[in-house]
Amino acid sequence: MKKFTLINAFLVLSGLHAQEITTSPSEKMNIIKTNVTAYAFRNINLTYERSINRWLSVNMGFGAMPEGKVPFINSFLSDEDEKRFQNLEAKSFNFTIEPRFYLGAGYGKGFYIAPYYRYSKITSNTFDFYYDYTFSGTTFQIPLKGFGNANGNSGGVMVGAQFFLTASRNLVLDFWIAGAHYGAGKGDFTLTSDIPLTPDMQAELKREIENLDIPYVNYTVETNTNGARVIIDGPWIGFRTGLSVGYRF
């Protein structure tokens, strides 16, 4: 009789455990999201998150900005320098992978800490650039055509919180509280003149480009009779914040 009772109890507990597994949020291990605040800056993006267990998930994101005006160009170029790049436009692409460590309810819910790696690439259009060259008391505007790209590899950390908005826990709100990354970047931009540049004209062009003094960017300038080459080799810095909405399945 005792043996029969123990068997029945085991079967009942097994059934309850199976029911718990069936209704466990771990069945919904996938989330697709998009950062809605990024669209204000033409950044089209999509993120996929996969839960590994209650406290760990892997988040992979892709973002692309179609060609258009450079965001926040006034923050790193003076008004006078910006006039030299009146038709400058750029497009960009980035890929981010981040493990997330959840400190709350888990399975994609609650406060998290996320170290991450990001690859970024920026490509310019063919833009016009000019500089002033003075010869025998007369100042000439020397026009050039520019084009180039830069890319960076960086790592950082972000903190955030993710919430489920409905009773079914299908709709998701992901708040990127703050994140920052640092790494190394390389780039190559070419400026081409329609007229041969004399040594004096080359020296003035070199000074003009170096005096742009773009913050957080290390670059060197090489000149020749055809124009100039700007080589970027230095730090790559970025920041992350935003608000994503998504679907959990």
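As recorded by an unreviewed UniProt entry, the protein chain carries the name DUF3575 domain-containing protein and is attributed to Chryseobacterium shandongense.

A. Broad picture of the overall build of the protein chain. Looking only at helices and strands, the protein chain has three helices and 10 strands in total. Split into buried and exposed, the 249 residues of the protein chain put 39% on the buried side. Sequence separation of at least 24 residues holds for 65% of the intrachain contacts in the protein chain that already meet a minimum separation of 6.

B. Layout of the pairing of strand E9 (residues 219–224). Bridging between E9 and strand E10 (residues 227–248) involves six bridges; their strand directions are antiparallel. From the neighbouring strand, Thr220 faces E10, where its bridge partner is Ile231. Joining the antiparallel neighbours E9 and E10 is a turn of two residues.

C. Seen up close, helix H3 (residues 199–210). An ideal rise of 1.5 Å per residue puts 16 Å on 12 residues; H3 measures up with 17 Å between its terminal C-alpha atoms. Those residues of H3 lying buried are Met201, Gln202, Glu204, Leu205, Glu208 and Ile209. Along the long axis of H3, the arc covered by the buried residues comes to 165°, so they all point the same way. Turned more than 90 degrees away from the buried face of H3, the exposed residues are Pro199 and Asp200. Taken together, the buried residues of H3 touch strand E6 (127–135), strand E7 (138–164), strand E8 (171–193), E9 and E10.

D. View of the side chain of Thr123. Relative to the elements of secondary structure, Thr123 occurs in strand E5 (residues 110–124). Those residues in contact with Thr123 that lie beyond four places of it in its chain are Glu89, Ala90, Lys91, Phe147, Gly148 and Asn149.

E. Region of interest: the pattern of salt bridges. One pass over the structure, following the stated rule, counts 13 salt bridges. For Glu49, the salt bridge is made with Lys33, and the minimal N-O distance between the two is 2.7 Å. Note that Glu49 is positioned in strand E2 (residues 44–51) and Lys33 in strand E1 (residues 30–35), a separation of 16 residues in sequence. Glu49 gets classed as buried once you look at its relative accessible area, which sits at 1%. Linking Arg84 and Glu208 is a salt bridge whose minimum nitrogen-to-oxygen distance equals 3.0 Å. Of this pair, Arg84 sits in the loop between helix H2 (79–82) and strand E4 (89–102) while Glu208 is found in helix H3, placing the two residues 124 residues apart along the sequence. Overall, the relative accessible area of 11% leaves Arg84 in the buried class. Judged by its relative accessible area of 16%, Glu208 is buried.

Parameters and conventions
Residues numbered from 1 in each chain as written. Predicted model: local features only at pLDDT ≥ 70, side-chain atom pairs only at ≥ 80, totals over all residues. Heavy atoms only, no water. Helix = DSSP H or I, 4+ residues; strand = E, 2+ residues; numbered from the N terminus. Buried < 20%, exposed > 50% of the residue type's maximum accessible area, 1.4 Å probe, protein only. Contact = heavy atoms within 4.5 Å. Pairing = 2+ DSSP bridges. Expected span 1.5 Å × (residues − 1). Arc of directions from axis to C-beta. Salt bridge = Lys/Arg side-chain N within 4 Å of Asp/Glu carboxyl O.

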